[in-house]
Amino acid sequence: MRVLITGGAGYIGSFVARAVLSRGHVPLILDDLSRGHATACGNIPLHRLRCGDVSPVESLLRGEAVDAVIHLAALSQVGESVARPALYWHENVGGAAGLLDACAAAGVKRFVLSSTAAVYGEPECTPIDEAHPTLPTNPYGSTKRAIEELLSQTRLATGLGYVSLRYFNAAGAMPDGSLGEDHTPETHLIPLAIDASSGQRGPLHVFGDDYPTPDGTCVRDYVHVLDLADAHVRALDWLLAHEGGSLICNLGGGTGRSVREVLDTVGRIVGCPVPYRQGPRRMGDPAVLVASVQRARQELGWEPQRSSLDQIIRDAWGWHRTRQTAH
């Protein structure tokens, strides 16, 4: 298949594009480079466009005879979404609406969405399965939930087949250190902890040590970015086998690890304890977020291969060392 990957110059998108290529498909990247990096595209063709610009995107879909779209382009910082909700609704929901209009006009009938565990909000039970109520607690999660609803309505209107993949905590890098997480600013725990441990930044700020968890810190479910990328290609296979169908799947490692466990593992692998300052809880942080990934196993034949905490952090540390050497 010829597959357009929006946001393919970003962290997860660049891994997805390579996975699509490695499975014998033809990837094309659409990215406006507002937050992505052209260098992350490698040799995969990059089209610098905004995904919500209907006419140019339709022309691209037609001109390149695109068979499927994987949509990752979005703003994704929870704190920023709280401070600037209108921006997130405009960019995320508006961008997806424009992209779906372009797909309809060009006759593209297969669509994979990068969604998020943030659609669930405060968990009523763990592990969280796809039947869990979706009650987002921040604008970012609300925009992704809205896009899922838009996909459902578009399917009824046009026959679009779609898979929505709800990520938990993406982390890790290429094992050879050639590609990894490169955000500005960085907000994710593992790269921040690695930078603190290796002396690239000051002490880490830990939010809360009084949660009802074994060590008092938040518990999260980490999934290797290579495992995420694999799931997207399997979603394309599912859409080929289920024309016009719809599927929602969680993607996580299926195991919860606490903030303190992450810091201890980073310290052991990097070889220096992570300096940190303990602070109070952060508003809106649930105590435990862990995925049930049974549906992804059953429907996609997906199994996380590299999502042990040790493997994720070893790969991430390799990427950070490569960057430090380059600089």
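Above: the structure in question.
Treat the numbers as computed from the prediction; the structure is a model and nothing was measured.

## Some points on the overall build of the chain
- For the chain, the count of helices and strands is 10 helices and 13 strands.
- Against the 2.2 N^0.38 benchmark of 20 Å for 327 residues, the chain shows a C-alpha radius of gyration of 19 Å, consistent with a compact globule.
- Its C-alpha atoms give the chain principal-axis dimensions of roughly 55 × 45 × 40 Å.
- Looking at the 327 residues of the chain, the share that counts as buried comes to 52%.
- Total accessible area computed for the chain in this model is approximately 13700 Å², and 50% of it derives from carbon and sulfur atoms.
- Both charge centroids of the chain, one from 29 positive and one from 35 negative side chains, sit 2 Å from each other.

## Remarks on the sheet that holds strand β6 (residues 161-167)
- On the basis of which strands lie adjacent, the open sheet formed by seven strands has the order β3-β2-β1-β4-β5-β6-β10 and parallel pairing. Whereas interior strands pair on both sides, the edge strands pair on one side only; in this sheet they are β3 (46-47) and β10 (246-251).
- Pairing between strand β2 (residues 26-30) and β3: two bridges, direction parallel. What sits directly across from I29, in β3, is L46.
- The strands that helix α7 (residues 225-241) touches are β1 (2-6), β4 (68-71), β5 (110-116), β6 and β10; relative to β6, the one it contacts most, it runs at about 160°.

## Details of the pairing of strand β8 (residues 204-207)
- Here β8 shows a buried face lined by L204 and V206 and an unburied face lined by H205 and F207.
- Pairing of β8 with strand β12 (residues 276-279) involves four bridges; the strand directions are parallel. Paired with H205 across the two strands is R277, which belongs to β12.

## Quick look at the packing of aromatic side chains
- The full count for this structure, using the stated rule, is one aromatic pair.
- An angle of 85° between the planes, with centres 5.9 Å apart, marks the rings of Y11 and F15 as edge-to-face. Residue Y11 and its partner F15 are both found in helix α1 (residues 11-22); the two are separated by four residues, about one turn of the helix. A single burial state applies to Y11 and to F15, both of which are buried.
- Across from the ring centre of Y211, 4.1 Å away, lies the NZ or CZ of R281, which sits over that ring.
- Here the basic side chain of R282 rests over the ring of F207, its NZ or CZ set 4.4 Å away from the ring centre.

Definitions and cut-offs
- Starting from 1, residues in each chain are numbered consecutively following that chain's sequence as written.
- The model is predicted, so local features are restricted to residues of pLDDT at least 70 and side-chain atom pairs to those at 80 or more, both for listing and for counting; the totals for chains, interfaces and linings are taken over all residues.
- Water and hydrogen atoms play no part in the side-chain values, which are based on all heavy atoms of the structure.
- Secondary structure is summarised from DSSP: a helix means a run of H or I of at least four residues, a strand means a run of E of at least two, and numbering begins at the N terminus for each.
- C-alpha atoms define the radius of gyration in this analysis, and the globule rule sets the expected value at 2.2 Å times the number of residues to the power 0.38.
- Remark: exposure states derive from per-residue accessible area (1.4 Å probe, protein chains only) relative to the maximum for the residue type, with buried under 20%, exposed over 50%, and partly exposed in between.
- In these tables, accessible area is a Shrake-Rupley quantity obtained with a 1.4 Å probe, and a residue counts as shielded only by the protein chains included in the view.
- Under this rule, positive means Lys or Arg and negative means Asp or Glu; His and the chain ends count for nothing.
- Charge coordinates come from a single atom per side chain, which is NZ of Lys, CZ of Arg, CG of Asp or CD of Glu.
- Any two strands with at least two DSSP bridges between them are considered paired.
- When checking whether two residues touch, look at their non-hydrogen atoms; a contact exists if any pair is within 4.5 Å.
- The convention used is that axes are lines fitted to C-alpha atoms, helices contributing only their stretch in contact, and that angles between N-to-C directions extend from 0 to 180 degrees.
- Aromatic pairing here means that ring centres of Phe, Tyr or Trp (its six-membered ring) are within 6.5 Å. Orientation follows from the plane angle: under 30 degrees is stacked, over 60 is edge-to-face, and everything else is tilted.
- Charge-over-ring placement is defined geometrically: NZ (Lys) or CZ (Arg) within 6 Å of the ring centre, and within 35 degrees of the ring normal.

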